[in-house]
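A look at the structure
This is what each chain is made of:
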Amino acid sequence: LSTACRLSDECRLEMRRVGARLHAGSARRACAVAATLLVPRGTWAALPAAAAGALAAPLIGAQDLRDMAATIDLEDTFNLARCAAPILAPTLIVAGARDRWYPAELLEETRRLIPGSRLMIVPGHGHMSVTGLPRVHRAILDHLDGHETT
């Protein structure tokens, strides 16, 4: 769900900002920036997302923050096109059309890099909002059951 073969250039820069704040010990600022990246660009939700991220930061354990920083550092260099072997497992790629992290071009590139994969782009949704949709749940369950419904 909501992933691609690599980060977009814009997302890479934003995630570097989050990672730098985490490495500097500024968890509230890091979580505020990260939270704004989870909502579609141009929506009213960015400010409440930043506030929620900042408020949630103290509730996140120190190890989880270190794990988040390590994940960001590793994601920065990941590129599926440079992997030694392709993904061969049946793969369903699901993302929102308004995902700020993974634009449609990257999702399509990901589909091309995974032989036989299927791509489901949900209009009107962003990075996280696709996870709560019943039609996405059905598509995932159908995929796991070996049916094609997307």
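This section reports on the structure supplied with the text. Here the structure is a predicted model, which means the values were calculated and not measured.

All right, on to the overall build of the chain then. Secondary structure assignment for the chain yields six helices and two strands. If you list the helices and strands of the chain from N to C, you get α-α-α-α-β-α-β-α. Taking 15 Å as the expected radius of gyration for a compact globule of 150 residues, we find that the chain reaches 16 Å, a close match to that expectation. Each of the three principal axes of the chain carries a C-alpha extent, and together these read 45 × 35 × 25 Å. Taken across its 150 residues, the chain has 41% of its residues classed as buried. Nonlocal contacts in the chain, meaning residues at least 24 apart in sequence, comprise 70% of its contacts between residues at least 6 apart. Accessible surface computed for the chain: about 8600 Å², of which carbon and sulfur atoms make up 60%. For the chain, the centre of its 17 positive side-chain charges and the centre of its 15 negative side-chain charges are spaced 6 Å apart.

Attention now goes to the pairing of strand 2 (residues 118-122). The alternating pattern of strand 2 places Arg118, Met120 and Val122 on a buried face and Leu119 and Ile121 on a face that is not buried. As judged from the five bridges shared by strand 1 (residues 92-96) and strand 2, these two strands associate in the parallel manner. Across the sheet, leucine 92 pairs through a bridge with arginine 118, a residue of strand 2. With helix 5 (residues 104-113) bridging strand 1 and its parallel neighbour strand 2, the resulting β-α-β unit is right-handed.

Here arginine 118 is to be found in strand 2. Looking at arginine 118, its side chain comes within polar contact range of the side chain of histidine 143, at 2.9 Å.

Rolled over the atoms, a probe as big as a water molecule pinpoints where empty space is left. Approximately 300 Å³ is the volume found for the largest pocket. No other element matches helix 4 (residues 62-75), which puts four residues into the lining of the largest pocket. Considering only residue class, the lining of the largest pocket consists of nine nonpolar, two polar and one charged.

The full count for this structure, using the stated rule, is seven salt bridges. For aspartate 76, the salt bridge identified is with arginine 12, shortest N-O distance 3.1 Å. Taken together, the residues aspartate 76 in the loop between helix 4 and strand 1 and arginine 12 in helix 1 (residues 9-23) connect sequence positions 64 residues apart. For the pair aspartate 76 and arginine 12, one class covers both residues: buried. The closest approach of N and O atoms between arginine 17 and glutamate 14, which form a salt bridge, is 2.5 Å. Taken together, the positions of arginine 17 and glutamate 14, both in helix 1 and three residues apart, correspond to about one turn of that helix. Classification of glutamate 14 by relative accessible area gives buried; the value is 19%. Here the salt bridges share partners, and the residues they tie into one network are Asp9, Arg12, Arg16 and Asp76.

So, about helix 3 (residues 46-56). The complete set of buried residues in helix 3 reads Ala49, Ala50, Gly53 and Ala54. The buried side chains of helix 3 occupy one side of the element, clustering within an arc of 130° when seen end-on. Turned more than 90 degrees from where helix 3 packs its buried face, Leu47 and Leu55 sit exposed. Where helix 3 is buried, its residues touch helix 2 (27-36).

Rules of the game
- Residues numbered from 1 in each chain as written.
- Predicted model: local features only at pLDDT ≥ 70, side-chain atom pairs only at ≥ 80, totals over all residues.
- Heavy atoms only, no water.
- Helix = DSSP H or I, 4+ residues; strand = E, 2+ residues; numbered from the N terminus.
- Rg over C-alpha atoms; globule rule 2.2 N^0.38 Å.
- Buried < 20%, exposed > 50% of the residue type's maximum accessible area, 1.4 Å probe, protein only.
- Contact = heavy atoms within 4.5 Å.
- Areas by Shrake-Rupley, 256 points an atom, 1.4 Å probe, with all protein chains shown as cover.
- Lys, Arg positive; Asp, Glu negative; His and termini not counted.
- Charge placed at Lys NZ, Arg CZ, Asp CG, Glu CD.
- Pairing = 2+ DSSP bridges.
- Right-handed = clockwise from strand over helix to strand, strands pointing away.
- Polar contact = N/O pair within 3.5 Å; in protein donor to acceptor, adjacent residues only side chain to side chain.
- 1 Å grid on protein atoms, 1.4 Å probe; cavity = no way out; pocket = protein on both sides within 12 Å on 5 of 7 lines; lining within 4 Å.
- Points joined across faces, edges and corners; volume = space filled by probe spheres on them.
- Nonpolar A, V, L, I, M, F, W, Y, C, P; charged D, E, K, R; others polar.
- Salt bridge = Lys/Arg side-chain N within 4 Å of Asp/Glu carboxyl O.
- Arc of directions from axis to C-beta.

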